[in-house]
Amino acid sequence: MPSPAGRRGIGGLLTLVLLLTPLPAVASSEAIPLTELGPGASQAGTQVGPGTSQAGTQAGPDTFQAGTTVVAAQQIGRYFDGGASGIAYATSADNGATWTRGVLPGLTTSGGGAYGRVSDPSVAYDARHGVWLISSLALTDRDGVTGAAVLTSRSADGGLTWGDPVTTAVAGGGDLDKSWVVCDNGARSPYYGRCYAVYDDVAAGNAIKVARSSDGGLTWAETGTSATGLGGQPVVRPNGALVVPYLSGEGQIRSLRSGDGGQSWGRSVLVATVQRHRVAGGLRAAPLPSAEVDAAGTVYVAWSDCRFQLSCGGNDIVMSTSATGAEWSHILRVTNDGGDHFIPGLGVDPAAAGETARLALAYYRYPSAACTAATCRLTVGYTSSANGGASWSPPVELHGPMELGRLADSAQGRMAGDYLSTSVAPGGNAHVAFTAAAAPAGGAFDMRTYTVTGGLPITGGGRPTLAIEAPIAAGEDLPGPPAPAR
């Protein structure tokens with residue numbers, strides 16, 4: 001079981017979780033049925049605008065589930081120096097059995113919008129106003145690629161059709177990055193129906209800012225914070241408190257909190273200092289956090305970290321939890337099957353909590369952490385827990401292996417995306433969205449977005465854990481402000 005929130009080790013040691021069982025075998029992906037979520041490689045190619053956009057590329061999906069409806073969104077037509085030509089969406093009203101697909105209108109010039117490029121889609125649902133939201137980062141490509149605005153696309157018919165976007169925030173003289181949206185759906189929250197978009201301003205030293213809306217995403221007001229960092233993922237506790245885990249410029253996972261509906265913010269608190277093994281093969285894979293909340297308001301945050309492997313020879317996915325966002329638990333090791341694990345997508349059942357909290361985790365993995373650009377093979381893994389993370393099911397390989405040369409290229413290396421995503425139906429299956437690549441054909445890439453047909457079960461887990469004191473491995477430092485990741 002996780003140790004009480006906030007308890008720390010002594011004598012320069014942190015409490016770590018070691019698994020008592022041998023390394024489990026990874027189940028094969030051969031029998032796992034997949035459903036394509038993107039518009040298809042050929043349609044993605046038609047969305048590619050002028051310049052260096054890469055036809056047939058998709059990347060960085062996010063998902064959200066409300067009731068039986070699941071909405072996914074991802075980039076299509078990636079540019080080498082940042083952003084994409086458009087954002088595609090897929091909506092299922094029947095728990096992932098069937099899907100409606102399309103491309104959001106009005107974002108970029110190739111889709112009737114005002115901006116050259118777009119990136120970083122994230123999905124939310126506003127239950128009070130009955131509106132689905134997809135937030136995205138609008139980029140200008142004049143005099144270099146910069147973050148010009150945060151946009152919000154809205155759907156009032158269950159995610160089936162989408163209007164032109166609303167402007168959530170504008171950069172002015174700044175340079176915005178890594179936007180993420182969430183809504184307060186707690187019926188007893190004093191801020192029920194308020195939505196939040198979190199992003200950072202690169203030009204202001206990665207200052208984290210928050211915009212809030214109380215009218216279904218039609219209008220927004222911005223508030224600054226005292227924190228700086230990248231990749232903030234806001235979650236809302238049932239009492240309306242807002243918690244935002246993020247990656248700081250000092251290589252730490254930290255947490256911001258607001259108790260008054262995003263109008264004011266306290267000082268951030270430390271979750272953990274990241275111990276990083278740089279992912280091989282030049283793959284773009286920053287240790288950004290993935291955060292979720294359960295029915296009792298416990299916040300879960302996962303990231304990639306190498307402290308559990310000998311000499312920090314490879315990353316695992318690790319996790320910490322907090323009852324309030326103020327004090328955080330020991331770091332728990334989630335993956336334990338060797339190799340290198342990164343880019344986690346954590347999902348939590350919003351109707352369960354405590355010792356019966358249901359967690360699902362998808363991630364990318366190299367079977368061998370010491371590979372090269374020519375030999376690395378990228379796979380997609382999955383594991384789950386039905387007891388609040390006290391134990392996890394044996395890992396399953398959902399897809400792979402993939403050669404790195406089949407992935408979109410970027411100024412920060414080959415990329416499948418900075419995110420993949422997992423959403424959990426209340427009492428039901430987990431819906432995972434990830435990018436996978438096949439061999440290029442006809443001069444275009446063949447990168448597509450998939451989900452497991454029908455979803456994935458959340459099992460009880462079979463790997464008991466024990467909290468003990470152990471030294472931190474020596475990982476790579478992450479000095480200075482994080483680089484823009486668009």
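Structure: see above.
Residues numbered from 1 in each chain as written. Predicted model: local features only at pLDDT ≥ 70, side-chain atom pairs only at ≥ 80, totals over all residues. Heavy atoms only, no water.

**Notes on the overall build of the protein**
The test is simple: Only DSSP runs of H or I reaching four residues or more are called helices, and only runs of E reaching two or more are called strands; each is numbered from the N terminus. Should any heavy atoms of two residues lie within 4.5 Å, those residues are considered in contact.
For the protein, the helix and strand inventory stands at 1 helix and 30 strands. For the protein, the proportion of contacts with a sequence separation of at least 24, taken over those separated by at least 6, is 61%.

**Overview of the layout of surface pockets**
Just so we agree on the cut-off: A 1.4 Å probe that fits but cannot get out identifies a cavity on a 1 Å grid over protein atoms alone, an open set with protein on both sides within 12 Å along at least five of seven lines counts as a pocket, and a residue lines either if it has an atom within 4 Å of a point. Grid points are joined across faces, edges and corners, and a volume is the space filled by probe spheres set on the points. Put simply, Ala, Val, Leu, Ile, Met, Phe, Trp, Tyr, Cys and Pro go in the nonpolar bin, Asp, Glu, Lys and Arg in the charged bin, and everything else, Gly too, in the polar bin.
Approximately 1,000 Å³ is the volume attributed to the largest pocket. A total of 6 residues in the lining of the largest pocket trace back to one element, the largest contributor, which is strand β23 (residues 340–348). Across the lining of the largest pocket, the residue classes tally to 31 nonpolar, 12 polar and 7 charged.

**Some thoughts on the environment of Arg333**
How we decide: Contacts described as polar in this section are N or O atom pairs within 3.5 Å, which, within protein, must combine one atom able to donate a hydrogen with one able to accept it, while residues neighboring in sequence count only if both atoms come from side chains.
Mapped onto the elements of the fold, Arg333 is located in strand β22 (residues 332–333). For the pair Arg333 and Cys306, spaced 27 residues apart in sequence, the C-alpha separation works out to 9.9 Å. A polar side-chain atom of Arg333 sits 3.0 Å from a polar atom in the side chain of Asp316. Engagement of the side chain of Arg333 in a polar contact is seen with the backbone oxygen of Thr335, the distance being 3.1 Å.

**What about the nonpolar core?**
Here is the rule: Among buried residues, the Ala, Val, Leu, Ile, Met, Phe, Trp, Tyr and Cys ones that are joined through side-chain atoms within 4.5 Å form a nonpolar core. The buried label goes to any residue with under 20% of its type's maximum accessible area, the exposed label to any with over 50%, and the partly exposed label to all in between, with areas taken from a 1.4 Å probe on protein chains only.
Within the largest apolar cluster, 36 residues are counted, with the highest numbers of intra-cluster contacts made by Phe342, Tyr364, Tyr366, Leu378, Leu398 and Phe434. Looking at this core element by element, the count peaks at 5 residues for strand β28 (residues 430–441). Setting aside its immediate chain neighbours within four residues, Tyr364 contacts Asp340, His341, Phe342, Ile343, Leu378, Thr379, Val380, Ala416, Leu420, Phe434 and Thr435. Core analysis: the next-biggest nonpolar cluster, separate from the first, contains 21 residues, Leu230, Ile253, Val274 and Val293 among them.

**What about the state of the cysteines?**
Just so we agree on the cut-off: Any pair of cysteine sulfurs within 2.5 Å is marked as a disulfide.
Considering all chains together, one arrives at 3 disulfides under this definition. Disulfide pairing is shown between Cys306 and Cys312; the S-S distance is 1.9 Å. What sets the handedness of the Cys306 and Cys312 disulfide is the S-S torsion sign, and at about 75° it is right-handed. Of the two residues, Cys306 and Cys312, both sit in the buried class. Through a disulfide, Cys371 is tied to Cys376; the S-S separation comes to 1.9 Å. Between Cys371 and Cys376, the S-S torsion sits near 90°, and that sign places the bridge as right-handed. The exposure classification of Cys371 matches that of Cys376, with both residues buried.

**Notes on the side chain of Ser304**
Tracing the backbone shows Ser304 in strand β20 (residues 299–305). Sequence-distant contacts of Ser304, defined by excluding residues within four places in its chain, comprise Val274, Pro287, Asn315, Asp316, Ile317, His341 and Phe342.

**With respect to the packing of aromatic side chains**
Each aromatic ring pair is summarised here by two numbers: the centre-to-centre distance and the angle between the ring planes. To keep it simple, the criterion reads: Note on ring pairs: Phe, Tyr and Trp rings are taken, using the six-membered ring of Trp, and paired if centres are within 6.5 Å. Classes follow the plane angle, with under 30 degrees stacked, over 60 edge-to-face and the rest tilted.
Counted under the stated rule, the structure contains 6 aromatic pairs. Taking the centre distance of 6.1 Å and the plane angle of 70° together, the rings of Phe64 and Trp132 count as edge-to-face. In this pair, Phe64 is assigned in strand β3 (residues 58–66) and Trp132 in strand β8 (residues 131–140), connecting sequence segments 68 residues apart. Considering the side-chain rings of Tyr125 and Trp132, the 4.7 Å spacing of their centres and the 40° angle between planes classify their relative orientation as tilted. For Trp132, a relative accessible area of 2% translates into the label buried. Through pairs of rings, three or more aromatic residues link up here, namely Phe64, Tyr125 and Trp132.

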